[in-house]
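Descriptive analysis of the structure
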Amino acid sequence: MKSPPFSLGNRFTRSALKKESTVSSIDQIMQHDHERLDALLEACATAVQESRWQDAAGLLEQFRRGIVEGHMFVEETMLFPAFEALEGDGEHSLTALLRKGHQDLRVFFQEMAEAIEAQDAEEFNDFLSTVQTILRQHDAREEAELYPHLADAMPDHGAAAAQRMADGQREKGHE
Amino acid sequence: MSEFQGCQLPEDLHYDLDYVWARPEEDGTFTIGVTDPAQTMSGRLQKARIKKVGTHLEAGRHVATLESGKWAGGVPVPFAGAVIARNDALLENPHLINIDPYGDAWIARVRPDDPATALERLHTGPDAVAALQAWIKRYDVQCMRCSD
């Protein structure tokens, strides 16, 4: 059974969801966050191509914080455990793979930051290509195999996780 | 040679218990490659980038990145060191990794900054094989080796 959406009257829903003023479900929120993060990474790549190294460093850090401290944090502490509880046998091969993807990505983000610091566009582009491939496959898997089950897996239908995502967006907006 | 769910796990190699195997050479360097379960998880590899000879890497940094149609990832070095050789054949034909991950498809040879501690993050023998079997189960891998 598809769970009802809930209201999030806050900045996150206005900025990230654009078309939907106040109402969205946890799977929609997470999918839109993928798109928001992809756009940030693209903006960083454009800054590198234009040799705007300071902008690139700032955009990469914004992306890194958004994905590591926001998106991945919510997934690893709230969404994956709920999915694993639903499946009922501890760590599931899907969440094991997704956690491993997060672990691998963290190293790549550090290497991308080092490439920007060294103003090495060729090195950055090599890492970018790999990271975008990882993210494309990782995000597709989450959207197909994980997110559709989240609302039913969580007692509050994902409201707390959605609120945590919104709070993270609000904090970043105030920096 | 141990085998688990079709995956070959040589007991004489050293492993980071994730993607990577390392073999100590007589000259103090280490040859590095990816394991059979790792190449299986990756699928048919289509692209490989390997750091140039002379590149210095901190422990955990990627000496190579690999991509297939369904997977992309990095090959981290288990210790800090300098790349002294790389397998250029893989740049032309990354699929070799799917065919012979422990032999012709070695990825790079690295000289550790501190040979005395190079093995600290690596595991070998029956304990390593048991940990790799757990890895294979965790990610639900069933190995299949390509012949061409």
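Here the structure is a predicted model, which is why all the values come from computation and not from measurement.

1. Comments concerning the overall build of chain A
Secondary structure summary: chain A contains six helices and two strands in total. The order of α-helices and β-strands along chain A, N terminus first, is β-α-β-α-α-α-α-α. Classification of the 175 residues of chain A by burial places 47% in the buried group. Long-range pairs, those at least 24 residues apart, make up 65% of the contacts in chain A between residues at least 6 apart in sequence.

2. Digging into the pairing of strand 10 (residues 81–86) of chain B
All names here are of chain B. Where strand 7 (residues 56–57) lies against strand 10, two bridges are found, and the strand directions are antiparallel. Directly across from Leu57, in strand 10, lies its bridge partner Gly81. Alignment of strand 10 against strand 11 (residues 108–112), held across five bridges, turns out to be antiparallel. Within strand 11, the residue paired with Arg86 across the bridge is Ala108.

3. A short note on the confidence of the model for chain A
Residue and element names in this part refer to chain A. In this model, chain A carries a mean pLDDT of 85, and residues with pLDDT of at least 70 account for 83%. Confidence scores differ between elements of chain A, with helix 1 (residues 11–16) showing the lowest mean pLDDT of 41 and helix 2 (residues 26–49) the highest of 96. The low-confidence segment residues 1–23 (pLDDT under 50) makes 48 contacts with residues lying over four places distant or belonging to another chain.

4. Brief notes about the interface of chain B and chain A
Tallying the contact residues gives 23 residues for chain B and 21 residues for chain A. Taking both partners together, chain B and chain A bury about 1,600 Å²; carbon and sulfur atoms supply 49% of that area. Where chain B meets chain A, there are four salt bridges. Taken together, chain B and chain A are joined by 15 residue pairs in polar contact (both at pLDDT 80 or more).

5. Digging into the state of the cysteines
Note on terminology: disulfide describes a covalent bond linking the sulfur atoms of two cysteines. Residues and elements named next belong to chain B. All chains considered together, the criterion is met by one disulfide over all chains. Through a disulfide, Cys7 is tied to Cys143; the S-S separation comes to 1.9 Å. The sign of the S-S torsion, about 90 degrees, decides the handedness of the disulfide formed by Cys7 and Cys143: right-handed. Placement of Cys7 in strand 2 (residues 7–9) and of Cys143 in the segment after helix 4 (125–138) is noted, with a sequence separation of 136 residues between them. Per residue, the accessibility class of Cys7 equals that of Cys143, and both read buried.

6. Overview of the sheet that holds strand 10 of chain B
Residue and element names in this part refer to chain B. Read across the sheet, seven strands follow the order 7-10-11-5-4-3-12 without closing on themselves; strand pairing throughout is antiparallel. In this open sheet, the two edge strands, each paired with only one partner strand, are strand 7 and strand 12 (123–124). Pairing between strand 4 (residues 20–24) and strand 5 (residues 30–34): five bridges, direction antiparallel. Opposite Val20, over in strand 5, you have Val34 as the bridge partner.

7. Notes on the pattern of salt bridges
All names here are of chain A. All told, the structure shown has 17 salt bridges over all chains when counted by the stated rule. When the shortest N-O distance is used, the salt bridge between Glu69 and Arg64 registers 3.3 Å. Note on Glu69: relative accessible area 34%, which makes it partly exposed.

8. Brief notes about the packing of helix 3 (residues 53–87) of chain A against helix 5 (residues 121–153) of chain A
Residue and element names in this part refer to chain A. Direction vectors running N to C along helix 3 and helix 5 enclose 30 degrees, while the axes themselves pass 11 Å from each other. Considered as vectors, helix 3 and helix 5 are oriented roughly parallel to each other. The two elements helix 3 and helix 5 meet at a crossing, and its hand is left-handed. Across the interface between the two elements, Trp53, Phe63, Ile67, His71, Glu75, Leu79, Phe80, Ala82, Phe83 and Leu86 of helix 3 pack against Ala121, Leu135, Glu142, Glu145, Leu146, Tyr147, His149, Leu150, Asp152 and Ala153 of helix 5. Grouping the constituent residues of the contact of helix 3 with helix 5 by class yields 14 nonpolar, two polar and four charged.

9. Concerning helix 5 of chain A
Of all the bends found along helix 5 of chain A, the most pronounced is centred on Leu146(A) and spans about 45 degrees, while Pro148(A), a proline, follows it within four residues. Capping the start of helix 5 of chain A is the job of one residue whose side-chain oxygen sits 3.3 Å from the backbone nitrogen of Glu122(A): Asp120(A).

10. Quick look at the pairing of strand 11 of chain B
Residue and element names in this part refer to chain B. Side-chain alternation along strand 11 places Ala108, Val110 and Pro112 on a buried face and Arg109 and Arg111 on a face that remains uncovered. With three bridges joining them, strand 5 and strand 11 adopt antiparallel strand pairing. Residue Phe30 lies in a different strand from strand 11, and its bridge partner there is Val110.

11. A look at the packing of aromatic side chains
For the coordinates displayed, the defined rule picks out seven aromatic pairs over all chains. Each ring, one from Tyr19(B) and one from Trp135(B), has its centre 6.3 Å from the other, and the planes form 75 degrees; the classification is edge-to-face. Note that Tyr19(B) is positioned in the loop between strand 3 (14–15) and strand 4 and Trp135(B) in helix 4, a separation of 116 residues in sequence. Just as Tyr19(B) is buried, Trp135(B) falls in that class too. Taken together, the aromatic side chains of Tyr19(B), Trp71(B), Trp135(B) and Tyr139(B) make up a single cluster linked through ring pairs. Seen from the ring of Tyr19(B), Lys100(A) lies directly overhead, with NZ or CZ sitting 3.9 Å from the centre. The ring centre of Trp106(B) lies 5.2 Å from the NZ or CZ of Arg109(B), which sits over that ring.

About the cut-offs
Residues numbered from 1 in each chain as written. Chains lettered and ligands numbered in written order. Predicted model: local features only at pLDDT ≥ 70, side-chain atom pairs only at ≥ 80, totals over all residues. Heavy atoms only, no water. Helix = DSSP H or I, 4+ residues; strand = E, 2+ residues; numbered from the N terminus. Buried < 20%, exposed > 50% of the residue type's maximum accessible area, 1.4 Å probe, protein only. Contact = heavy atoms within 4.5 Å. Pairing = 2+ DSSP bridges. pLDDT = per-residue confidence, 0-100. Buried area = accessible area lost by both parts, 1.4 Å probe. Salt bridge = Lys/Arg side-chain N within 4 Å of Asp/Glu carboxyl O. Polar contact = N/O pair within 3.5 Å; in protein donor to acceptor, adjacent residues only side chain to side chain. Disulfide = S-S within 2.5 Å. Axes fitted to C-alpha atoms, helices over the stretch in contact; angles between N-to-C directions. Parallel < 35°, antiparallel > 145°, perpendicular 65-115°, else oblique. Left-handed = near helix turned anticlockwise from the far one by under 90°. Nonpolar A, V, L, I, M, F, W, Y, C, P; charged D, E, K, R; others polar. Bend = angle between axes of the 7 residues up to and from the residue. Phe/Tyr/Trp six-rings, centres within 6.5 Å; stacked < 30°, edge-to-face > 60°. Lys NZ or Arg CZ within 6 Å of the ring centre and 35° of its normal.

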